[in-house]
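What follows is each chain in one-letter form.
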Amino acid sequence: MNRAHLDKLFTVALAGVLAGLALAAAALPLALVFGLGFKGLMPYSELPESLRTPQPAQRSNLYANDGHTLITSFYVEDRVDVPVSEVAPVMRQAIVAAEDVRFYQHHGVDVRGVVRAFTVNQRDGATRQGASTLTMQYVRNALASDPRLTKEQRARATEVTAGRKIREMRYALSLERELDKDQILSRYLNIAYFGAGAYGIAAASKRYFSTEPAKLTLAQAALLAGLVRSPDSDDPINGDADAALRRRAYVLDRMAETGQVAAADAARAKDEQLRLRPSATPNDCAAVPAEHIDWGFFCDWFTQWWKAQPAFGASADERQRTLRRGGFRIVSSLDPDVQRKATEQVLSIYAASNKRAAPTAVVQPGSGRVLAMAVNRNFSVAANPSGQRNYPNTVNQLVAGGGGIVGYQAGSTFKLFALLAALESGLPLATTFDAPSRIVTDYSVDGGSASCGGYWCPTNANPEWMDGNRTMWSAFGRSVNTYFAWLTEKVGAARVVEMAQRLGIVLRAKDDAALARYGAKSWGPFTLGVAATTPLDLANAYATVAAEGTWCAPTPVTSISDSAGRKVAAGDPDCRQVIDTEVARAAADASRCPVGDQSMYRRCDGGTAEELQPGLRRPLAGKTGSSDRNATETVVAFTPQLAVATIAANPDDPRDAVGGGVQARQIAAVGNLLAYALRNQPILDFVPPNQTTAYRVTAPRTGN
């Protein structure tokens with residue numbers, strides 16, 4: 001064994017003995033140290049994963065689609081890593097002066113410091129002095145905060161025992177063989193607790209001074225460096241500001257003594273007043289900016305989406321922990337301008353104080369990205385006046401459903417799925433039927449106004465305008481119930497139900513889901529929108545038609561990067577072709593009729609929302625829907641670039657009919673919203689279906 005190796009063994013043995021003595025506050029027999037065995041005294045130890053590949057909890061940030069506007073953050077510890085190159089030099093100097101003045105001279109264990117601490121502690125047992133280097137402190141923090149370790153393993157990292165101290169020293173020596181000083185300093189600065197809930201230098205800079213680590217002044221750096229010794233008691237926001245100033249003065253003196261800063265500069269910094277500019281990092285959806293309280297519904301849906309992604313864990317709880325600890329940068333699909341306009345228009349339908357709601361969603365065809373989610377409610381847990389269960393404040397997901405919200409009947413907007421099923425079966429748009437005022441079908445029902453001897457027999461709402469020879473164009477434009485009841489019989493109700501589900505209609509109500517699974521063949525009324533749905537599902541289904549048959553899973557994100565800046569694939573659009581392109585083009589052509597546009601074959605002759613397209617002055621398609629007794633009213637509209645759906649309903653009482661009059665306000669709101677959202681986008685037209693799809697019966701159309 002060579003002399004150098006013997007020296008290292010002696011150094012570690014001495015450090016271990018003295019550290020044990022200091023911690024035990026009494027003479028620690030050499031047998032205790034040497035009893036660990038020769039291997040226990042080796043100068044280097046195999047590093048655990050906690051130190052080799054540390055994974056400290058970091059906050060995840062959710063931004064708007066501009067990548068800069070912060071919606072909120074998610075964390076258990078307010079921390080975000082920054083490279084040491086982005087930390088002001090005075091901060092690096094201050095932390096070294098405060099915690100480990102010989103940091104750049106020792107190799108992880110400072111024997112001089114251990115001897116000094118042992119001497120002081122033996123002389124005055126009431127005044128404890130530590131001997132932990134920055135490297136050793138980092139080891140302790142990394143082991144204590146690693147989520148991969150058990151609670152018991154993390155607790156052992158901070159227990160007051162000689163064994164823990166010796167283990168810490170061994171790991172520190174090993175770590176300094178693998179990392180250079182700047183790497184260790186960077187890790188330390190990013191894991192240290194600075195008080196007031198701020199973990200790491202980036203969070204601390206923002207928490208105390210609303211600035212970035214690179215912009216810290218000498219006085220600010222010295223204050224932060226002084227906090228790590230006693231972050232809870234010295235915290236100047238919630239603790240003892242005078243103690244924080246005393247520690248700041250100590251750090252500045254040490255910096256001057258060691259030549260890190262000029263004495264005059266240190267003196268000026270000591271004379272500075274405590275100029276705090278505290279700012280709290282928002283946490284979770286309830287902490288969205290007060291002036292943008294409407295963003296909360298989008299944020300809430302984002303968390304639902306995240307917890308459903310297998311890429312982030314095996315269970316919803318694990319995925320939530322991943323979000324709160326993973327340090328992700330998430331650029332959402334939320335467009336603040338479109339969201340603002342959507343909220344403005346929703347409030348033109350109903351005020352926030354109205355018991356009725358108008359949840360609205362805006363979706364981008366071809367990507368599934370959701371640009372806005374608005375409803376006339378405040379996203380808030382604040383109490384409501386007596387008798388107002390769900391307004392004006394709520395955190396219930398009224399736009400996307402979930403959490404007990406199953407949705408609302410969307411009426412005739414579901415005729416789209418019968419239209420698509422018929423086109424896919426080989427029937428053309430020109431399929432003609434002499435629609436009567438009432439039609440008796442073969443679908444059995446349990447009674448009600450649409451029952452004739454136990455069979456479903458729907459009627460047309462306006463016989464004079466709806467009855468007669470109709471094609472898919474005119475029947476869809478005028479919303480002829482008896483035509484679509486006949487068409488559903490012709491293609492089969494099960495195909496209509498399956499088409500809706502294929503386009504993303506999620507049947508959240510238990511009765512609806514059971515009928516779809518076990519009784520779809522006899523569920524004729526499904527075509528007229530008796531199942532509950534949400535504006536988000538409905539907008540996305542119509543967006544699939546706008547995208548020529550390409551369905552994309554609705555997504556709240558544009559991109560996701562992990563804490564190392566690597567792209568996460570879960571942030572990419574999830575799209576696939578679900579209906580034939582020609583079928584989708586034909587459905588879009590028929591959908592131009594309800595909203596006052598004209599089909600490519602000039603076959604539109606009236607619509608239920610004819611005032612919509614002229615005001616927009618660009619190609620437009622869509623559909624309106626009214627449920628039985630006008631309990632709910634729905635408007636959907638789309639261009640090749642955007643799809644919007646809004647449903648007027650009482651979320652707390654389905655028996656409270658909103659009435660047909662609200663639809664005029666909905667149509668105006670949708671038109672205004674589309675005009676604003678598309679104001680800077682080119683005018684794009686729909687691709688017309690070919691003549692075969694328009695006029696000829698063929699074999700089933702399932703080409704792609």
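For clarity, every value in this text was computed on a predicted model and none was experimentally measured.

**Q** Please explain the overall build of the chain as it appears in this structure.
**A** Across its full length, the chain holds 27 helices and 19 strands. Against the 2.2 N^0.38 benchmark of 27 Å for 704 residues, the chain shows a C-alpha radius of gyration of 34 Å, more extended than a compact globule. For the chain, the spread of C-alpha atoms along the principal axes amounts to about 105 × 55 × 50 Å. Burial analysis of the chain (704 residues in total) assigns 56% to the buried set. Per element, the accessible surface of the chain, about 28,700 Å² overall, is 50% carbon and sulfur. In the chain, the 76 positive side-chain charges and the 68 negative ones have mean positions that sit 4 Å from each other.

**Q** Would you explain unusual backbone geometry in this entry?
**A** Phi is mostly negative for residues that are not glycine, and the peptide bonds are mostly trans. The peptide bond linking Y391 to P392 adopts the cis configuration, its omega dihedral lying at 0°. By the secondary structure assignment, P392 is in the loop between β6 (378–379) and β7 (393–394). You will see that R617, though not glycine, has its phi angle at about 55°, which is positive. Among the secondary structure elements, R617 is positioned in the loop between α25 (612–616) and β17 (621–626). Note on R617: relative accessible area 66%, which makes it exposed.

**Q** How do you make sense of helix α20 (residues 481–491) when you look at a structure like this?
**A** What sets the pattern is the α-helix's 3.6 residues per turn: residues three or four places apart point alike. A large share of α20 lies buried, amounting to nine of its eleven residues. All of the buried residues in α20 are N481, T482, Y483, F484, A485, W486, L487, T488 and V491. One or two positions beyond α20, positive phi appears at G492, with a value near 100°.

**Q** Can you help me understand the nonpolar core in this one?
**A** Most often, soluble globular proteins keep nonpolar side chains buried together rather than apart. In terms of nonpolar packing, the biggest core is built from 107 residues, with F417 and Y483 touching the most fellow members. When residues no more than four places from it in sequence are discounted, the contact partners of Y483 are T431, F433, A435, R470, T471, M472 and A475. Core analysis: the second largest hydrophobic core is formed by 54 residues, L47, L189, A192 and A225 among them.

Rules used throughout
Residues numbered from 1 in each chain as written. Predicted model: local features only at pLDDT ≥ 70, side-chain atom pairs only at ≥ 80, totals over all residues. Heavy atoms only, no water. Helix = DSSP H or I, 4+ residues; strand = E, 2+ residues; numbered from the N terminus. Rg over C-alpha atoms; globule rule 2.2 N^0.38 Å. Buried < 20%, exposed > 50% of the residue type's maximum accessible area, 1.4 Å probe, protein only. Areas by Shrake-Rupley, 256 points an atom, 1.4 Å probe, with all protein chains shown as cover. Lys, Arg positive; Asp, Glu negative; His and termini not counted. Charge placed at Lys NZ, Arg CZ, Asp CG, Glu CD. Core = buried A, V, L, I, M, F, W, Y, C linked by side-chain atoms within 4.5 Å. Contact = heavy atoms within 4.5 Å.

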